[in-house]
Amino acid sequence: MFALNFNKITMPIFYGKVALVEFLNSVKSTDSTIGFVPTMGALHQGHLSLMQQSLAENQHTVVSIFVNPTQFNNPEDLEKYPRTLEEDTKKIASLDPSIIVYAPSVDDIYEGNVVSQNFDYDGLENQMEGKFRPGHFNGVGTIVKRLFEIVKPTNAYFGEKDFQQLQIVKKMVSKNHLDVKIIGCPIFREANGLAMSSRNERLTTQERDKASIIYKTLLEAKEQFKTLSCEEVKQWVKSVFDPNTMFDLEYFEIADEETLIPCSTILKDKNYRAFIAVFVNNIRLIDTISLK
Ligand code: PAF
């Protein structure tokens, strides 16, 4: 274990799973719970809110910081993904120094074999992010399952910004009969409405400012969904982005929250959600909103 000394506070940080597991075994008792927040670092307020929820609901909180290579379908995105371990650990320590940090190497996780396992998520993987990022959800399933096997959490916390990922993780847990409760937590937004994301760090001030259009469009789409068909709302969103040279719309979709199947006719007993992915100067941003 490496203990971070920050303002005279020490926080446990582990770079290897063997020492982490040993430590967890020594601190947990039969009736204590472990809350787990998996992250890829470059922590923002959204991540910290997941940690706060875990701290409130569990005796121990573990946070992992690991940029998982197998979930990146684009090598440039992997290479440019922000890596800010020192700042991240300071942010965690100031939130609560009792949080246990696991920041493994690629080798500690993959043991020399950096490949994904194949998962069947009953079709959830074929929509939106799955369609545009081939292999992405096999990579997510692989790392999340591996981390669950190491940390053995009681509860695990995921942000709703990656709503498809949240549904995929729930499906993976139920299909593999894993003993962990998956908890979805609300999206955190910047003052202009832009959903918080580690990728926002790569935007210029102007791009970050203008990217407020993404959430504004989602809010307007929600209004339109009250009176227009799914196809009409989709066409309207396309017409917002088409003339805008700063943004490149990859997809806008309205789908059933449960199955993620795109809506054709609106059924009363279903809950729908809008999903969007937009490129700003090669930086990919996603967002989502419930249409209920
Ligand atoms: O949402 C993320 O940051 C990642 O996909 C996760 C869940 C930490 C797995 O690498």
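Above this text is the structure in question.
Below, the structure is looked at part by part. (Residues numbered from 1 in each chain as written. Predicted model: local features only at pLDDT ≥ 70, side-chain atom pairs only at ≥ 80, totals over all residues. Heavy atoms only, no water.)

With that out of the way, let us pick up the overall build of the chain. Broken down by element type, the chain carries 11 helices and 10 strands. Its C-alpha atoms give the chain a radius of gyration of 20 Å, within 12% of the compact-globule value 19 Å for 292 residues. Each of the three principal axes of the chain carries a C-alpha extent, and together these read 60 × 40 × 35 Å. The burial tally for the chain puts 52% of its 292 residues in the buried class. Put simply, of all contacts in the chain between residues at least 6 apart along the chain, 70% involve residues at least 24 apart. Carbon and sulfur atoms make up 50% of the accessible area of the chain, which totals about 13,900 Å². Once the 32 positive and 38 negative side-chain charges of the chain are each reduced to a mean point, those two points are 1 Å apart. (Helix = DSSP H or I, 4+ residues; strand = E, 2+ residues; numbered from the N terminus. Rg over C-alpha atoms; globule rule 2.2 N^0.38 Å. Buried < 20%, exposed > 50% of the residue type's maximum accessible area, 1.4 Å probe, protein only. Contact = heavy atoms within 4.5 Å. Areas by Shrake-Rupley, 256 points an atom, 1.4 Å probe, with all protein chains shown as cover. Lys, Arg positive; Asp, Glu negative; His and termini not counted. Charge placed at Lys NZ, Arg CZ, Asp CG, Glu CD.)

Looking now at the site of the ligand. Close contacts around the ligand come from Pro38, Thr39, Met40, Asn68, Gln71, Ile143, Phe158 and Gln165, and that covers them all. Here an oxygen atom of the ligand and a side-chain polar atom of Gln71 are 2.6 Å apart. Contact between the ligand and Gln165: an oxygen atom at 2.7 Å from a side-chain N or O atom of the residue. Bound to the protein, the ligand loses 89% of the 290 Å² it would expose on its own. In terms of residue class, the shell around the ligand is built from 4 nonpolar, 4 polar and no charged. (Near = heavy atom within 4 Å. Polar contact = N/O pair within 3.5 Å; in protein donor to acceptor, adjacent residues only side chain to side chain. Nonpolar A, V, L, I, M, F, W, Y, C, P; charged D, E, K, R; others polar.)

Bringing the state of the cysteines into the picture now. Within this structure, the stated rule accounts for 1 disulfide. Put simply, Cys230 and Cys263 are joined by a disulfide, and their sulfur atoms are 1.7 Å apart. Taking the sign of the S-S torsion, 135° for the link of Cys230 and Cys263, the bridge is right-handed. With Cys230 in helix H11 (residues 230–241) and Cys263 in the loop between strand E8 (247–256) and strand E9 (272–280), the pair connects residues that are 33 residues apart, well separated along the chain. For the pair shown, Cys230 and Cys263 are each scored as buried. (Disulfide = S-S within 2.5 Å.)

This part covers the packing of helix H1 (residues 17–27) against helix H7 (residues 136–151). Put simply, H1 and H7 touch, their axes get as near as 9 Å, and they point 45° apart. If you check the angle between H1 and H7, you find them oblique. When H1 is examined against H7, the residues Lys17, Leu20, Val21 and Leu24 are found in contact with a partner set consisting of Arg146, Ile150 and Val151. Here the residues of the contact of H1 with H7 sort into 5 nonpolar, no polar and 2 charged. (Axes fitted to C-alpha atoms, helices over the stretch in contact; angles between N-to-C directions. Parallel < 35°, antiparallel > 145°, perpendicular 65-115°, else oblique.)

The subject of this paragraph is unusual backbone geometry. The bulk of non-glycine residues show a negative phi, and the bulk of peptide bonds are trans. In this structure, Asp122 is a non-glycine residue whose phi angle is positive, near 55°. Within the element layout of this structure, Asp122 appears in the loop between helix H5 (106–110) and helix H6 (128–132). The exposure class of Asp122 is partly exposed, given its relative accessible area of 48%. In this structure, Asn281 takes a positive phi of about 50° despite not being glycine. Its place among the elements puts Asn281 in the loop between E9 and strand E10 (283–290).

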